[in-house]
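# Commentary on secondary and tertiary structure
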Amino acid sequence: MKVATWNVNSVRKRTANLVTWLKAARPDVAVLQEIKAQEAQFPRAEIEAAGYRVEIVGQKGFNGVALLSPHPVEITARSLPDPVADEPARYIEGRLQTPGGPLTVGGLYLPNGNPIGTEKFAYKIAWMERLVRHTRALLEREEMFVLCGDYNVIPTDADVYSPAAFAGDALTQPESRKALRTLLNLGLTDAVRAFHADGPQYTYWDYQAGAWQKDNGLRIDHLLLSPQAADRLTAVGIDKEQRGRPEPSDHVPVWCELDVG
DNA sequence: ATGCCGGGCGAAGCCCGA
């Protein structure tokens, strides 16, 4: 069972790359972030032609998340619990049956939070606290789940090409990192670090200043696994080659494989 | 580097991203 996450930075601009990747990577569940589309704008026909069912939580112009799967998936949430009015489209969650039991996949686009010291940063931290509360509820089921997406948090200085350059950034703030650690300390496993403990494992390279060519990357797209999912983890990968394709997203797909028997 | 590029909206220039 392969679960993947990808911030595509506009699904309309990325349709060709997305379809090519789906056909090659064949994830069982893929969550997308920053689709920047509403239902009527989503390239549903192209994705379905590749063999995928499509569920989206869309929004005009910004944000937006989607869940794709060739299997039947019951959508269990279209926002985190206790949404405010006009909640930005940042969360989708589905549940599917596997031979090893039910698997829940949450796809999230965590607020960036810049600049620090503003209401945007406060919203980021509040959103993370909501995610922690929801994760506690999911853990009580004692089932497999994967919470994956663009977390917009650089977990440690080993996950950024220049810690100094990001010292004042919302992605590295102690409050951001603490909230991520709180999530991990509930008992979740960071899939990438479980399989690739050392060295940079970047998932994002800025479009500007030759960041890709200089390998000036960040690790901000994560897959966090419940204990029941982590017990079945067999492989983890970062599809870095996607960043070198024509008209790339600034993020690349990250995935994990679970042996669900 | 106080957004250098890229995308959305909407039809020029501004907002947003990390």
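Residues numbered from 1 in each chain as written. Chains lettered and ligands numbered in written order. Predicted model: local features only at pLDDT ≥ 70, side-chain atom pairs only at ≥ 80, totals over all residues.

## Brief notes about the overall build of chain A
Looking only at helices and strands, one finds 6 helices and 14 strands in chain A. In summary, chain A has a C-alpha radius of gyration of 17 Å against a globular reference of 18 Å for 261 residues, a match within 12%. Referenced to the eigenvectors of the C-alpha coordinate spread, the extents of chain A come out at roughly 45 × 40 × 40 Å. Here chain A holds 261 residues, and the buried ones make up 41% of them. Put simply, 68% of the contacts in chain A that link residues at least 6 apart link residues at least 24 apart. (Helix = DSSP H or I, 4+ residues; strand = E, 2+ residues; numbered from the N terminus. Rg over C-alpha atoms; globule rule 2.2 N^0.38 Å. Buried ≥ 20, exposed ≤ 12 C-beta atoms within 10 Å, placed from the backbone. Contact = placed C-beta atoms within 7 Å.)

## A few points about the sheet that holds strand 13 (residues 233-238)
In a beta sheet, neighbouring strands pair by backbone hydrogen bonds and run either parallel or antiparallel. The 6 strands lie next to each other as 3-4-2-1-14-13, forming an open sheet whose pairing is mixed. Strands with a single pairing partner mark the edges of an open sheet, and in this sheet they are strand 3 (53-57) and strand 13. Strand-to-strand twist across the sheet, computed as the mean angle between neighbouring axes with direction ignored, equals 15°. The sheet contact formed by strand 1 (residues 2-7) and strand 14 (residues 254-258) spans 4 bridges and is antiparallel. Within strand 14, the residue paired with T5 across the bridge is V254. (Pairing = 2+ DSSP bridges. Axes fitted to C-alpha atoms, helices over the stretch in contact; angles between N-to-C directions.)

## Considering the protein's contact with DNA strand B
Residues in close proximity to DNA strand B total 23 residues, the closest being S10, G61, N112, N114 and A209. For the surface near DNA strand B, a count of residues per class yields 7 nonpolar, 8 polar and 8 charged. (Near = placed C-beta within 6 Å. Nonpolar A, V, L, I, M, F, W, Y, C, P; charged D, E, K, R; others polar.)

## Comments concerning the sheet that holds strand 5 (residues 74-77)
Spatially, the 6 strands line up as an open sheet ordered 5-6-7-8-12-9, and their pairing is mixed. Looking at strand neighbours, the two that pair on one side only are strand 5 and strand 9 (189-190), the edges of this open sheet. Relative to strand 6 (residues 91-98), strand 5 is paired through 3 bridges, and the arrangement is antiparallel. Counted as the bridge partner of A77 is E93 from strand 6.

## What to know about the pairing of strand 8 (residues 144-150)
In terms of residue burial, strand 8 counts as a mostly covered element, since 7 of its 7 residues are buried. You can see the chain leave strand 7 (residues 101-109), run along helix 3 (residues 119-139) and come back into strand 8, and the turn it takes is right-handed. Relative to strand 12 (residues 221-225), strand 8 runs antiparallel, the two being bridged by 5 bridges. Paired with V146 across the two strands is L225, which belongs to strand 12. (Right-handed = clockwise from strand over helix to strand, strands pointing away.)

## Observations regarding the environment of R44
Of note, R44 is situated in helix 2 (residues 44-49). By C-beta crowding, R44 is classed as partly exposed, having 15 other C-beta atoms within 10 Å. In the structure, R44 is positioned 29 residues away from T15 in sequence and 9.8 Å away in space, judged by C-alpha atoms.

## Looking at helix 1 (residues 15-25)
One turn of the α-helix equals 3.6 residues, which is why residues spaced by three or four share an orientation. Every buried residue of helix 1 is accounted for by L18, W21 and L22. What you see down the axis of helix 1 is that its buried residues fit within an arc of 100°, all on one side. Exposed residues pointing more than 90 degrees away from the buried face of helix 1 are listed as K23 and A24. For helix 1, the secondary structure elements touched by its buried residues are strand 2 (29-33). Once helix 1 ends, the next one or two residues include R26, with phi positive near 50°. (Arc of directions from axis to C-beta.)

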